[in-house]
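# A closer look at the structure
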Amino acid sequence: MAAPDTTLSELIDLGGRTAFVTGGAKGIGAAIARRLIEAGATVTVGDLDPDVSGLAEAFGARGVVCDVTDTVAVQAALDVASTDKPIDIVVNNAGIFPTTGPMLEATDEFVHHMLDVNVRAQYSVSREAANRMSGGGSIVNLASIAALRGGANISAYSASKAGVVALTHAFAHELGPRGIRVNAIAPGIIDTPGVQEQLEPLRAGGLDIDKQIAANPVGIAGQPDHIARAALFLVSDLAEFVSGHILVVDGGSTA
Ligand SMILES: NC(=O)c1ccc[n+]([C@@H]2O[C@H](COP(=O)([O-])OP(=O)(O)OC[C@H]3O[C@@H](n4cnc5c(N)ncnc54)[C@H](O)[C@@H]3O)[C@@H](O)[C@H]2O)c1
């Protein structure tokens, strides 16, 4: 436990720690991986993207092709991540976006897939990783402000992220006694490749989407590093007494 006179640089020092970040080839996951590396952690990124190895190496991480819905692939990726030292940090970032449309038209297959990738996989990755954490650790789950308020046409996504909130609360209780803290970040709109893909049709339709993205009390567009800084806080010893928390990072838009 950190002594009261611990310095700030000691509190955010991840030297000697081993981290696994899902969906870290790009977007928020890549930004988080970069910050963890900057703080001294050894980081392995697991991502569906076949180019993950090169993409991760470019910022100093190890990349492993891994679909988070495939538990055998997750186990293999965690084995790679813990080659030198047991896992200390897991960031459940991989997720898919709400190309849903009206709930009246959503198919069961679509809803099932959304829940499988966004919630069930976070459950499995957390279980597999926690079983490999011998000296305590920290898990950070990517939720969303969509879990905290309603919205048309994103029902399956909202439900999946509300599931992440519930998992975070439950796992904090269950894993706390093993020295593992579990928290979540609920981002507002963040400018990532995934979001751009979703917004392109709206922009093409004449909507000034960029103005809307920055329409929050802070008045700036959310960037991946805004979320990475929050993740760095949560995994560091600065947050030693923080567990089961849902940290909203949205420029105040849900305030
Ligand atoms: N960007 C936002 O506005 C925003 C807002 C709230 C929450 N989030 C959450 O943050 C996380 C990251 O979002 P992003 O905007 O960076 O997304 P992104 O689409 O830009 O990047 C996601 C990454 O995850 C990978 N991925 C997708 N499915 C995967 C799977 N089954 N297995 C392994 N990797 C997989 C992709 O290949 C990609 O590299 C997601 O969980 C998302 O729901 C994002």
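Residues numbered from 1 in each chain as written. Predicted model: local features only at pLDDT ≥ 70, side-chain atom pairs only at ≥ 80, totals over all residues. Heavy atoms only, no water.

Examined against the element boundaries, E109 turns out to sit in helix 5 (residues 108-130). In this structure E109 comes out as exposed when scored by relative accessible area, which is 61%. C-alpha separation for the pair E109 and G15, spaced 94 residues apart in sequence, amounts to 43 Å. (Helix = DSSP H or I, 4+ residues; strand = E, 2+ residues; numbered from the N terminus. Buried < 20%, exposed > 50% of the residue type's maximum accessible area, 1.4 Å probe, protein only.)

Across soluble globular proteins, nonpolar side chains have a tendency to be buried as a group. Core analysis: the largest hydrophobic core is formed by 34 residues, its most contacted members being L14, I32, L36, V43, V45, I185 and I227. Looking at this core, the elements with two or more residues in it are strand 1 (18-22), helix 2 (27-38), strand 2 (42-47), helix 3 (52-57), strand 4 (89-92), strand 5 (137-142) and helix 9 (224-235). With seven residues, the single largest contributor to this core is helix 9. Residues within four places of V45 in sequence aside, it is in contact with F20, V21, G24, A25, A33, V52, A56, A61, R62, G63 and V64. Ranked by size, the runner-up nonpolar core spans 25 residues in total, among them V64, L167, F171 and V182. (Core = buried A, V, L, I, M, F, W, Y, C linked by side-chain atoms within 4.5 Å. Contact = heavy atoms within 4.5 Å.)

Following the sequence through the fold, S126 ends up in helix 5. Ignoring anything within four residues of it in the chain, the contact list for S126 reads N92, I139, N141 and F171.

The first and last C-alpha atoms of helix 9 sit 17 Å apart over twelve residues, in line with the 16 Å expected at 1.5 Å per residue. For helix 9, the buried fraction is high: nine of the twelve residues fall into the buried class. The set of residues buried in helix 9 consists of P224, D225, I227, A228, A230, A231, L232, L234 and V235. The elements touched by buried residues of helix 9 are helix 2, strand 4, strand 5, strand 6 (180-187) and strand 7 (246-249). (Expected span 1.5 Å × (residues − 1).)

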